Amino acid sequence: MEKLKNNTFIKKVGFNRVVLFLVLLLMYGIFAILSPTFLSYNRILSALNYAYFLGFLALGVTFVIATGGIDFSIGPVMFCAALISGYLLTQNGLPLVLCLLISILVGTLFGCLNGYLVAYWNLPSFITSMASMMLAKGIGSVFTKTQSVSWPQAVQENGEFRKLVKIMTSDGTQIPTGLLVLIIASIICAIILNKTKAGRYILCIGSNKEAVRLSGVKVKKWEMLAYVICGTLAGIAAIIFVGAYSTVQPGLGDTYNNEAIAGCVMGGTAMSGGTASIGGTFLGVLIIALLQEGILAMGFQKDWQYVITGLIVLVAVYANVRSHRRKN
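Small disclaimer: the values here were computed from a predicted structure and weren't measured.

Criteria and cut-off values
- Residues numbered from 1 in each chain as written.
- Predicted model: local features only at pLDDT ≥ 70, side-chain atom pairs only at ≥ 80, totals over all residues.
- Heavy atoms only, no water.
- pLDDT = per-residue confidence, 0-100.
- Helix = DSSP H or I, 4+ residues; strand = E, 2+ residues; numbered from the N terminus.
- Buried < 20%, exposed > 50% of the residue type's maximum accessible area, 1.4 Å probe, protein only.
- Contact = heavy atoms within 4.5 Å.
- Salt bridge = Lys/Arg side-chain N within 4 Å of Asp/Glu carboxyl O.
- Phe/Tyr/Trp six-rings, centres within 6.5 Å; stacked < 30°, edge-to-face > 60°.
- Patch = residues over 30% accessible without salt bridge, like charges linked within 9 Å, V, L, I, M, F, W, Y side chains within 5 Å.
- Areas by Shrake-Rupley, 256 points an atom, 1.4 Å probe, with all protein chains shown as cover.
- Lys, Arg positive; Asp, Glu negative; His and termini not counted.
- Charge placed at Lys NZ, Arg CZ, Asp CG, Glu CD.
- Axes fitted to C-alpha atoms, helices over the stretch in contact; angles between N-to-C directions.
- Left-handed = near helix turned anticlockwise from the far one by under 90°.
- Nonpolar A, V, L, I, M, F, W, Y, C, P; charged D, E, K, R; others polar.
- Core = buried A, V, L, I, M, F, W, Y, C linked by side-chain atoms within 4.5 Å.
- Expected span 1.5 Å × (residues − 1).
- Arc of directions from axis to C-beta.

## Some remarks on the confidence of the model for the protein
Put simply, the protein has an average pLDDT of 89, and 93% of its residues get 70 or more. Between the elements of the protein, mean pLDDT differs from a low of 57, seen in helix 1 (residues 2-5), to a high of 97, seen in helix 6 (residues 96-119).

## Quick look at the side chain of S141
Here S141 lies in helix 7 (residues 125-143). Look at S141 and you get buried, because its relative accessible area is 17%. Leaving out residues up to four positions away in the same chain, S141 has contacts with T146, P250 and G251.

## Re the pattern of salt bridges
A side chain with one charge may pair with a side chain of the opposite charge, provided their charged atoms come close. Taken as a whole, this structure holds 4 salt bridges when the rule is applied. Two residues, E293 and R43, come together in a salt bridge whose shortest N-O distance is 2.7 Å. Of the two residues, E293 sits in helix 12 (residues 278-297) while R43 sits in helix 4 (residues 41-66), which places them 250 residues apart along the sequence. Judged by its relative accessible area of 4%, E293 falls in the buried class.

## Quick notes on unusual backbone geometry
Leaving glycine aside, a negative phi is the common case for residues, and trans is the common case for peptide bonds. The phi dihedral of T146 is positive, around 60°, even though this residue is not glycine. With respect to the helices and strands, the residue T146 is situated in the loop between helix 7 and strand 1 (149-150). T146 gets classed as exposed once you look at its relative accessible area, which sits at 57%. Unusually for a residue other than glycine, N158 sits at a positive phi of about 70°.

## Examining the packing of aromatic side chains
As enumerated under the stated definition, the model contains 17 aromatic pairs in all. Centroid distance F79 to F241: 5.1 Å. Interplanar angle 50°. Geometry classified as tilted. With F79 in helix 5 (residues 74-90) and F241 in helix 10 (residues 219-245), this residue pair connects regions lying 162 residues apart in the sequence. Each ring, one from Y201 and one from W222, has its centre 5.4 Å from the other, and the planes form 55°; the classification is tilted. Note that Y201 is positioned in helix 9 (residues 197-214) and W222 in helix 10, a separation of 21 residues in sequence. Judged by relative accessible area, which is 11%, W222 ranks as buried.

## Topic: a positive patch on the surface
Taken together, the side chains of K197, R200, K218 and K221 make up a positively charged region of the molecular surface. Among the secondary structure elements, K197 is positioned in helix 9.

## A closer look at the packing of helix 4 against helix 12
Look at helix 4 against helix 12: their axes get within 8 Å of each other, and the N-to-C directions meet at 145°. Regarding helix 4 and helix 12, the two cross each other, and that crossing is right-handed. Residue-level inspection shows R43, S46, A47, Y50, A51, L54, G55, A58, L59, T62 and F63 of helix 4 in contact with helix 12, the latter providing I278, T281, V285, L286, I288, A289, Q292, E293, L296 and A297. Looking at the contact of helix 4 with helix 12 residue by residue, the classes come out as 14 nonpolar, 5 polar and 2 charged.

## What to know about the nonpolar core
If you look at the biggest cluster of nonpolar residues, it comprises 87 residues, and the most contacted ones within it are F53, L57, M78 and W151. Among the elements that line this core, the one with the most residues is helix 4, at 15 residues. Those residues in contact with L57 that sit more than four places away from it in its chain are I74, M78, A234, A237, Y256 and A260. Core analysis: the second largest hydrophobic core is formed by 6 residues, A198, I205, V212 and W222 among them.

## Comments concerning a nonpolar patch on the surface
Together, L26, I30, I33, L34, M298, F300, W304, V307, I308, L311 and L314 make up an exposed nonpolar region whose accessible area comes to about 1100 Å². Among the elements that line the nonpolar patch, the one with the most residues is helix 13 (residues 303-327), at 5 residues. By the secondary structure assignment, L26 is in helix 3 (residues 15-34). A residue is classified by how much of its surface remains accessible, and L26, at 54% relative accessible area, is exposed.

## Examining helix 3
Over its 20 residues, helix 3 runs 29 Å from end to end, which matches the ideal 28 Å to within 8%, given 1.5 Å per residue. Regarding helix 3, the residues found buried are L20, L24, M27, F31 and A32. Across the axial projection of helix 3, the buried residues extend over an arc of 130°, all falling on one side. Those residues of helix 3 that are exposed and angled more than 90 degrees off the buried face are L22, L26 and I33.

## Let's talk about helix 8 (residues 177-195)
With 19 residues, helix 8 ought to run about 27 Å at 1.5 Å a step, and its terminal C-alpha atoms sit 27 Å apart, in line with that. Of the residues making up helix 8, those classed as buried are T177, G178, L182, A185, S186, C189 and L193. Here the buried face of helix 8 lies against helix 4, strand 2 (167-168), strand 3 (174-175), helix 9, helix 10 and helix 12.

## Notes on the environment of G273
Of note, G273 is situated in the loop between helix 11 (254-266) and helix 12. Exposure remark for G273: the relative accessible area of 10% places this residue in the buried category. Note: C-alpha distance between G273 and G69 (204 residues apart in sequence) is 7.3 Å.

In structure tokens form, the structure reads like this:
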């Protein structure tokens, strides 16, 4: 095992990411054997549709967890942004581009709220994000008068935003453009986290916040930035979600918090902060999406996905803790 870890290629790519990729291939093979219908192109597209918006949520919360915090509001914030912008588009006739910007703005505002309360008021991120989750649910419901919102289809007026997720060819084939969008977003997030001053400070805050503060760094500013990035990506996730699924209902979104966080933890992001992997998060999200689609293909209820995902997270957290103990 040590020789494998010290392999030049594996060290460059990352042992954890190599393992996740092999797990992804193994899961695909198992589901293909157990359910022949899983090999269909539509099944793959369905899994990807789920991975797109979940990926943006997971990318955002990776920054927050890297600081040692947590954000349980990302799912409801995504729904709140989709409800408000969709209502303005379909009921008030605002231009599509403006509504898409409003969706991102709503997410950013929630990120600013969470970041300010955690960084400047020193409130626990757990409690703060739970309160924001309730706020997002309430605001979305009040704004739309508790009515669901259906975004335009691709063939309808203002339906061109769906090209961000998929493009229909003349023969009816779907091209999953959303995968390219998610990959580009992951690359940008990886650059921010690993190659910029902001990213380095965010990781350092998660490792030892007090030491960073004593070194003269404005800790509060950089800690708040992590939440702002998370909220902004939740607003973008709202656009990706309605691009894949159309209808948004008020009061929902909780389950996506857990799945996004599971993707981060599975990908090697430490819940204690200081360690994060955007590439690992990307692969973790694909595993979550593949797991959901595989379970449905085998005829089981989605509830089984929660059971299996929970077990996977426990194993991932245990492996992460053991790894840290060995290093220490």
